[in-house]
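In case you want the letters, here they are:
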Amino acid sequence: MKAYYYDDAEGDQRLDHDSGREVSTSYLNQFGVLYHRCPSVSAVDNIAEQRSYKNRDEITVSPDKMGAVYEEKVKMFFNEHLHEDEEIRYILDGNGFFDVRDPNDEWVRIRLEKDDLIILPAGIFHRFTTDSNNYIKAMRLFKDEPKWTPLNRAPDLENNPHRKSYIQNRAA
Ligand code: KMT
Ligand code: NI
């Protein structure tokens, strides 16, 4: 895992876009983004149990697995959105970037690799992309029924109760 401010340069979303300004895990924690290195699935099981997660699945994002819809999917994942549930992702293979909005509304890019687990709180604006290798395999963990409807960023979302409660609970 490596976290840094996104450089906001034009160009392919799958490039590093590293501004050179690194971001610490403790800063991520301040706005509710939690990181764990899990060298085994049993470490993931422990976190899932602590947080009462009951379901999981695996997804491979690659042209091999997705065929013609790959490019479309990658664009879709990169739309800025939030969820009304916490989002847990555990990387099984390959690499990818989760971009999250910090409290100043700046993009922080989190590069994930095998054995990295990330927890994004409900209500945080974020987006996802593969990197230039175009391959990631990840476990998606669900509390109950998968409820991953992305709510794309729009001004009226600031009135969403999950968004409001995220803003309220977020340390300044
Ligand atoms: C997400 O939340 O955008 C995804 O599920 C993308 C694939 S998981 C690495
Ligand atoms: Ni999401």
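Above this text you will find the structure in question.
This one's a predicted model, so the numbers in the text were calculated from it and none came from an experiment. (Residues numbered from 1 in each chain as written. Chains lettered and ligands numbered in written order. Predicted model: local features only at pLDDT ≥ 70, side-chain atom pairs only at ≥ 80, totals over all residues. Heavy atoms only, no water.)

## Things to note about the nonpolar core
Line of reasoning, step 1. If you look at the biggest cluster of nonpolar residues, it comprises 24 residues, and the most contacted ones within it are L28, V33, V100, V108 and I110.
Line of reasoning, step 2. Only β1 (2-6), β4 (55-61), α4 (70-77), β7 (96-101), β8 (107-112), β9 (116-120) and β11 (136-142) provide two or more residues apiece to this core.
Line of reasoning, step 3. The biggest single contributor to this core is β8, with three residues.
Line of reasoning, step 4. The residues contacting L28, other than those within four sequence positions of it, are M1, A3, V23, V33, V108 and I110.
Line of reasoning, step 5. C38, A48, L117 and M139 belong to the second largest nonpolar core, which has twelve residues in total. (Core = buried A, V, L, I, M, F, W, Y, C linked by side-chain atoms within 4.5 Å. Buried < 20%, exposed > 50% of the residue type's maximum accessible area, 1.4 Å probe, protein only. Helix = DSSP H or I, 4+ residues; strand = E, 2+ residues; numbered from the N terminus. Contact = heavy atoms within 4.5 Å.)

## Details of the layout of surface pockets
Line of reasoning, step 1. As a volume, the largest pocket reaches approximately 420 Å³.
Line of reasoning, step 2. Contributing to the lining of the largest pocket are 22 residues, with F77, H81, E87, R89 and R140 lying nearest its centre.
Line of reasoning, step 3. When contributions to the lining of the largest pocket are tallied by element, the ones reaching two or more residues are β4, α4, β6 (87-94), β10 (126-130) and β11.
Line of reasoning, step 4. Residues belonging to the lining of the largest pocket are distributed by class as follows: twelve nonpolar, five polar and five charged. (1 Å grid on protein atoms, 1.4 Å probe; cavity = no way out; pocket = protein on both sides within 12 Å on 5 of 7 lines; lining within 4 Å. Points joined across faces, edges and corners; volume = space filled by probe spheres on them. Nonpolar A, V, L, I, M, F, W, Y, C, P; charged D, E, K, R; others polar.)

## A closer look at the pairing of β11
Line of reasoning, step 1. Among the seven residues that make up β11, five are buried, leaving the element largely enclosed by the rest of the structure.
Line of reasoning, step 2. Pairing between β4 and β11: seven bridges, direction antiparallel. Its bridge partner lying in β11, D57 is registered against R140. (Pairing = 2+ DSSP bridges.)

## Some remarks on unusual backbone geometry
A negative phi angle is the norm for most residues apart from glycine, just as the trans form is the norm for most peptide bonds.
Line of reasoning, step 1. Even without being glycine, S52 reaches a positive phi, approximately 60 degrees.
Line of reasoning, step 2. Examined against the element boundaries, S52 turns out to sit in the loop between α2 (41-50) and β4.
Line of reasoning, step 3. The partly exposed category is assigned to S52, whose relative accessible area is 43%.

## Describing the coordination of the nickel ion (ligand 2)
Line of reasoning, step 1. Coordination sphere of the nickel ion (ligand 2), protein contribution only: H81 (NE2), H83 (NE2), E87 (OE) and H126 (NE2), at 2.0 to 2.6 Å.
Line of reasoning, step 2. Coordination at the nickel ion (ligand 2) is irregular, judged from the four donor atoms that bind it and the angles of 67 to 156 degrees they form at the metal. (Donors = N, O, S within 2.8 Å, 3.2 Å for Na, K, Ca; no water. Tetrahedral: all angles 85-135°; square planar, octahedral: opposite > 155°, others 65-115°.)

## Regarding the sheet that holds strand β3 (residues 34-37)
Line of reasoning, step 1. Strand order in the open sheet formed by five strands is β3-β9-β6-β11-β4, with antiparallel pairing between adjacent strands. Each edge of the open sheet is held by one strand with a lone partner, namely β3 and β4. Each neighbouring strand pair of the sheet contributes to a mean axis angle of 20 degrees, computed without reference to strand direction.
Line of reasoning, step 2. Where β3 meets β9, four bridges bridge the pair, whose relative direction is antiparallel. (Axes fitted to C-alpha atoms, helices over the stretch in contact; angles between N-to-C directions.)

## Quick look at α2
Line of reasoning, step 1. For α2, every residue scored as buried is listed here: V44, I47 and A48. With its buried residues spanning 100 degrees around the axis, α2 presents them on a single face. The outward face of α2, more than 90 degrees from its buried face, is lined by the exposed residues E49 and Q50.
Line of reasoning, step 2. S52 lies just past α2 and shows a positive phi near 60 degrees. (Arc of directions from axis to C-beta.)

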